[in-house]
Amino acid sequence: MKITREEVRHVAQLARLDLSVAEVDRMTGQLNAILTYMSKLDQLDTTGVAVTTHTQQVVNAFRDDEVRPSLLRQQVLNGAPEQNGESFVVPRVIG
Amino acid sequence: MEYFSSTVHEALRMLEAGEVSSVALTESVLNRIDAVEPTVRAYLTLDREGALRQAEQADIARKKGQAGPLCGIPVAVKDALCTTTMPTTCGSRMLEHFVAPYEATVMTKLAQAGSVLLGKLAMDEFAMGSTGENCAFKVPTNPWKPGYVAGGSSGGAAAAVAADQCMASLGSDTGGSVRQPASLCGTVGMKPTYGRVSRNGLVPLASSLDQIGPLTKDVRDCALIMNTICGYDPQDSTSIDKPVPDFRTSLQDGLKGIKIGIPREYFGQGLDPEVDQAVRQGMAMLEEAGAELVEVSLPHTDYCVAVYYLISPAEASSNLARFDGVRYGFRDRSTDSLIEMYNQTRSHGFGEEVKRRILIGTYALSAGYYDAFYKKASQVRTLIKEDLSRAFALCDVLASPVTPTPAWKIGDRSDDLVALYLSDILTLSANLAGIPGMSTPCGFSLDGLPIGMQLQAAHFNEAVLLRAAHNLEQRAGVVGKKPALV
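Not measured: the values here are computed from a predicted model.

Reading the values: rules and limits
- Residues numbered from 1 in each chain as written.
- Chains lettered and ligands numbered in written order.
- Predicted model: local features only at pLDDT ≥ 70, side-chain atom pairs only at ≥ 80, totals over all residues.
- Pairing = 2+ DSSP bridges.
- Helix = DSSP H or I, 4+ residues; strand = E, 2+ residues; numbered from the N terminus.
- Right-handed = clockwise from strand over helix to strand, strands pointing away.
- Bend = angle between axes of the 7 residues up to and from the residue.
- Buried ≥ 20, exposed ≤ 12 C-beta atoms within 10 Å, placed from the backbone.
- Contact = placed C-beta atoms within 7 Å.
- Axes fitted to C-alpha atoms, helices over the stretch in contact; angles between N-to-C directions.

(A) Spotlight on the pairing of strand S7 (residues 259–263) of chain B. Residue and element names in this part refer to chain B. Sheet topology note: the S7/strand S8 (residues 292–296) ladder contains five bridges and is parallel. By the bridge assignment for S8, Pro263 is matched with Val296. Taken together, S7, helix H8 (residues 273–288) and S8 form a β-α-β motif whose crossover is right-handed. Pairing of S7 with strand S9 (residues 397–401), which is carried by two bridges, proceeds in the parallel orientation. Note on S9: the bridge partner recorded for Ile260 is Val397.

(B) Looking closely at helix H2 (residues 22–40) of chain B. Residues and elements named next belong to chain B. For H2, the principal kink sits at Asp34 and spans about 40°; a proline, Pro38, occurs within the next four residues. Among the residues making up H2, those that are buried are Ser22, Leu25, Thr26, Val29, Arg32, Ile33, Val36 and Val40. Buried residues along H2 sit in contact with helix H1 (8–16), strand S1 (43–46), helix H3 (48–63), strand S2 (74–78), strand S3 (116–121) and helix H5 (155–162). With its phi angle positive at about 60°, Arg41 sits one or two positions after the end of H2.

(C) Representation of the sheet that holds S1(B). Residue and element names in this part refer to chain B. The sheet built from 11 strands is open, its strands ordered S1-S3-S2-S4-S6-S5-S10-S11-S9-S7-S8 with mixed pairing. Edge positions in the sheet fall to S1 and S8, since each of these pairs with one other strand and no more. Averaged over neighbouring strand pairs, the angle between their axes works out to 30° when direction is ignored. By the bridge criterion, three bridges tie strand S5 (residues 188–191) to strand S10 (residues 437–444) in an arrangement that is antiparallel. Paired with Gly189 across the two strands is Ser439, which belongs to S10. Sitting on the sheet, helix H7 (residues 219–229) touches strand S4 (168–173), S5, strand S6 (211–216) and S10, and the angle it makes with S6 is about 145°.

Here it is, written out as structure tokens:
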């Protein structure tokens, strides 16, 4: 077993996913099949091999720190499920 | 010949000669959509009025002598590219009614070139899939054999071009999502070098792998669209400031002096004999055109699937964290608690494959597993990149199949996930190494399903790919062959 049901539930919680019992069962089986396949990477000795996180540039891309036009607030709010013309509205956080 | 069946360059010639108007072209394509869309199921949004309005404006611009390079050409794009005039759903319930506040850079470029936007095309949810079946709204079919997959994730983009429902389209390619459906549907499809085309306004799957690319009816059209979409964009911090050549100029050149590498690991177990034969015949055509064939080795090919299916879900799990019911799209309203709102929104807004990849990615990045999975995969990614660098010291272009088999029946491969992921093996290394790759039709199976040849080159060498692809196309005898829809 690469991953247990409890671990699947824990990872789902980290990812803010609420899985049903049936989903946990199914995902545990599938993730085990997938992670077992992944373990073929262990065949390779990668001691001292650099990681690749980016295939081209290795330097950061900076722009001048100057004021320029941005999206209008209303344009940005329009895509939200709930907004009051000034901000995004969410369920009460502090009781 | 009906207008809808013409290529972009043929249509441009007719427009320039005054033989046709953009309105007539666009109406012809809209009629075609009416006739075949019930079968093909490629469009998630069709903007008939908007398209005709843009076509009228294109005709006026042309009369005034202000025609851009794609003036009056009706196109459509994968529904992962942000548009302000219609929704961008990414094939997900999560974004079902979402209209973006800004437009993707490539959409601005297409508009500035004068093209006419018909609508948005079906895709696997958040570009996760190789069949089109993971789209929450409709599953496109392969125009060559209805009931067979169009491929994915840019399945609608390939099917619409193959079925003449648009003259060209744009897709996005994270692990083969332009090249694989192009191959299965018999169109040309290009994944440019990472950084060649701005990703600004492309809803991200895996940011270090994603690249936008064209799907077209022939190689010359691919060069034309590449001319429009490539180039540096300060809005994308990974965009690269390199001069963009006119990709049309070297198409007519032969292949004398060009070395074509044949990676022996790409012709391994599981390769369908008909695909093997069609691709080898295609290679013989490249040789006839003057190229020299050399065998090369990419020893880490067998690890591509494991590396990709760790890195891509890891990046995706991070990218998709933004979909929490606050700023975009769907919110589940069954609860008063903020945390429960996040949980319920994500659980009901995302489909099965998206949840699965979020779980894999979160697991691979989580404490205790990071070194064993994500870091290990990122190291093997370096080895895969080095394989390709060594190969490109010996040859200019790599030739291979795109997919191990032609298209298969919808539903046939939904049970064995590892087997389905393995079918992506031939396209993944281009994304992992950031090099350009393309699919060009080279033949058909006995069943009448298209087979594509993949060509890959070193960074920023799209021109040599297009040149080799054009030589192949001239000899393969597949140009102008159309599926027998309707």
